[in-house]
Amino acid sequence: MTPTTADVCASRPRTFEVRRLGCVSYGEALDLQKTLVDERRAGCVPDLLLLLQHPPVITLGVRRGSRSHVIASDGQLAMHGIEVHEAGRGGDVTYHGPGQIVGYPILDLRPDRCDVHRYVRDLEEVMIRVCADYGIAAHRVDGLTGAWVGTAKIGAIGVRISRWITSHGCAFNVDPDLRGFELIVPCGIPDGGVTSLARAAGRSFDRAAIEDLCVRHVAEVFDRAIVTQTEVAAP
């Protein structure tokens, strides 16, 4: 029996393109994601994984009260040159800065992955596997999101899903200045600590190698094949 076009398409692995953007301001990254979500919905671009880092910035999720979890005064933030942005994503407040790997998947979850909880668990799994590659036992915490080492969070998650197209994503602490998290109540969890891969392992790491691991584990967890990897300057 001759396979139909639908059968052939279904048998092909889903693919995604990786774009490594370097250091991008948070405002620029927001605008870029909005554009790419529209382009993904229109079929103008494939599934994408954006890998980048941000200059020091505090971002607020849509959860009520997230602004109250910014401990630093406006004067302190201005002194450190730290902006505060309404992110339009799920979750509470978080800090971004150099030394993190921020991953923004722009994925069409249709037709077989239309499950918000599964999507969040999959992002956690990527970060947990990266930790395991370096001998660090990361785990989930019941009732919370992210990847944890002991009682400290090593990777945060805040996502937006619009008609099953994803944006925002996760931030994995490789070797950021953890003092930035002292400006906030991270993720709105008063008794939650924050750690990094460098602190947990007691050594430094090559960022590019960890990005490579992130790409590999995204491909494995989301069952997608990498079609291209590019280093591009964000607009």
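Reading the values: the criteria
- Think of each chain on its own: its residues are numbered from 1, step by step along the sequence as written.
- Local features in a predicted model are, by the rule used here, given only for residues with pLDDT of at least 70; side-chain atom pairs are given and counted only at 80 or more, and totals for whole chains, interfaces and linings are based on all residues.
- The basis for every side-chain value is the complete set of non-hydrogen atoms in the structure, without hydrogens or water.
- Each residue carries a pLDDT score, the predictor's own confidence in it, on a scale running from 0 to 100.
- Note on contacts: a residue pair is in contact if any heavy atoms of the two residues lie within 4.5 Å.
- Secondary structure is summarised from DSSP: a helix means a run of H or I of at least four residues, a strand means a run of E of at least two, and numbering begins at the N terminus for each.
- As defined here, a cavity is a set of points on a 1 Å grid over the protein atoms alone where a 1.4 Å probe fits but cannot get out. A pocket is an open set with protein on both sides within 12 Å along at least five of seven lines, and residues line them when an atom is within 4 Å of a point.
- Grid points are joined across faces, edges and corners, and a volume is the space filled by probe spheres set on the points.
- Gly is put with the polar residues, along with every residue not named as nonpolar or charged; the nonpolar set is Ala, Val, Leu, Ile, Met, Phe, Trp, Tyr, Cys and Pro, and the charged set is Asp, Glu, Lys and Arg.

(A) Representation of the confidence of the model for the chain in the model. For the chain, per-residue confidence averages 92 on the pLDDT scale, and residues scoring 70 or more make up 93% of the total. Below pLDDT 50 for its whole length, residues 3–11 participates in one contact with residues either more than four positions away or in separate chains.

(B) Structural context of unusual backbone geometry. With an omega of 5°, the peptide bond between Arg110 and Pro111 qualifies as cis. In this structure, Pro111 sits in the loop between strand E6 (100–106) and helix H4 (116–133). Here Arg163, not a glycine, exhibits a phi torsion of approximately 50°, which is positive. Examined against the element boundaries, Arg163 turns out to sit in the loop between strand E8 (152–162) and strand E9 (165–173). Not every positive phi belongs to a glycine, and Trp164 is a case in point at roughly 70°. Position of Trp164 relative to the elements: it lies in the loop between E8 and E9.

(C) Geometry of the layout of surface pockets. Each pocket or cavity is described by its volume, and for the largest pocket that value is around 390 Å³. Lining the largest pocket are 26 residues; nearest its centre among them are Gly90, Gly91, Thr145, Ile157 and Gly158. Of all elements in the fold, only strand E5 (94–96), E6, E8 and E9 reach the threshold of two or more residues within the lining of the largest pocket. Here the lining of the largest pocket takes five residues from E8, the largest share from any one element. Grouping the amino acids of the lining of the largest pocket by side-chain chemistry returns 13 nonpolar, nine polar and four charged.

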